[in-house]
Amino acid sequence: MKEFTESDSDVLQEIILQRRDVRGNRFLDRPIPKEALDKILFAAVHAPSVGFSQPWEFVIVRDPQKKSAIKANFSTAKKQEQQEFQGEKQSQYQKLKLEGIHEAPLNIAVFYKPSEHPVLGQSKMQEVGLYSVVCAVQNMWLMARALNIGLGWVSILDPAEVKTILNAPEENQLVAYLCLGYVDYFYQNPELERRNWQQRKDFSSLVFEDSY
C-alpha cells in the first residue's frame, strides 16, 4: 500500500483551503479539455459509497437551450428564496451573483440513482445513499481546484424541473448542479465571507469529546 509524505498531506490541505465556490462573474470563455474533465469525473467515481453502491450518474450540459431553461428555473427560485430574508439581508441577497450557468463552459448535473436491491449499510439510514453522491461532488471540487478549474454549486433550483429538462429517469434524484470553467482568479477567502454574509465558525466550538 502506498504511503504518503508530510509534503503530500500539506498539498492536500492547501487544495482544501483554496477550494472556492465560483460564480459566473469569475468564469472565462475557455473550454475545458477532455483530459481535465475526465480527471474530474474519474475523481468523482472513486469517492467512497455506502455498500460500494456507487449510486451516482452525471449529465454533462453544454446545450445553450438546456442551459437557458435551467437558468430560467434558477431565476424563478431565486425570487422565491429572497423573500425568506428581511431588511439588510434581503438587500445583500439581491446583490449576490449566485450562479454561472451560462458563463461556465459546461455544467454537470449530479444524480443519485437508487439501487433496485438492498444496499449493505443503508437499511437503517436511507439517506447515506445521497451522502455518497455528495462525497463524489467533493472529490470533483477538489480535483477541479487542483487543475485550477473553478466549480460552483447551484442549489437554488426546482429539482423536479431540472429532471424534466434533462429527461432524467423518474427514480433519479438531483443532488447537485455544478458549473465548471477556468477563472480569472480565485478569491483568497470564500466570497460570502468576504461580503460579510456569514463568518467562519470557530473550530473549537464545533468539536466535542464523547458527548455534547
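Residues numbered from 1 in each chain as written. Predicted model: local features only at pLDDT ≥ 70, side-chain atom pairs only at ≥ 80, totals over all residues. Heavy atoms only, no water.

Trainee: What is the right way to look at the sheet that holds strand β2 (residues 106-112) in this model?
Mentor: Within a beta sheet, neighbouring strands are joined by backbone hydrogen bonds and run either parallel or antiparallel to one another. With respect to topology, four strands assemble into an open sheet ordered β1-β2-β4-β3, the strand pairing being antiparallel. Unpaired on one side and paired on the other, β1 (56-61) and β3 (150-154) mark the two borders of the sheet. Taking the axes of each pair of neighbouring strands and ignoring which way they run, one obtains an average angle of 25° across the sheet. (Pairing = 2+ DSSP bridges. Helix = DSSP H or I, 4+ residues; strand = E, 2+ residues; numbered from the N terminus. Axes fitted to C-alpha atoms, helices over the stretch in contact; angles between N-to-C directions.)

Trainee: Would you explain helix α5 (residues 128-146) in this entry?
Mentor: For an α-helix the count is 3.6 residues per turn, leaving residues at separations of three or four pointing the same way. Here α5 spans 27 Å end to end across 19 residues, near enough to the 27 Å set by a 1.5 Å rise per residue. Among the residues of α5, Val128, Gly129, Ser132, Val133, Ala136, Val137, Met140, Trp141, Leu142, Ala144 and Arg145 are the ones counted as buried. The elements touched by buried residues of α5 are α1 (6-18), α2 (34-45), β1, β2, β3 and β4 (173-181). Just past α5, the residue Asn148 takes up positive phi, approximately 60°. (Expected span 1.5 Å × (residues − 1). Buried < 20%, exposed > 50% of the residue type's maximum accessible area, 1.4 Å probe, protein only. Contact = heavy atoms within 4.5 Å.)

Trainee: Would you mind showing me how to read the pattern of salt bridges here?
Mentor: Between side chains of opposite charge, a pair can form as their charged atoms come close. Under the definition given, this model contains nine salt bridges. One salt bridge connects Asp21 with Arg23, and the closest N-O pair in it is separated by 3.7 Å. A relative accessible area of 7% means that Arg23 is categorised as buried. With a shortest N-O distance of 3.4 Å, Glu99 and Lys71 are connected by a salt bridge. Here Glu99, found in the loop between α4 (87-95) and β2, pairs with Lys71, found in helix α3 (residues 64-82); they are 28 residues apart in sequence, far enough to count as distant. Residue classification places Lys71 among the partly exposed residues on the basis of a relative accessible area of 22%. Overlapping salt bridges bring together Lys71, Lys97, Glu99 and Glu103 as one network. (Salt bridge = Lys/Arg side-chain N within 4 Å of Asp/Glu carboxyl O.)

Everything listed here is a matter of coordinates, which is why it stays silent on function.
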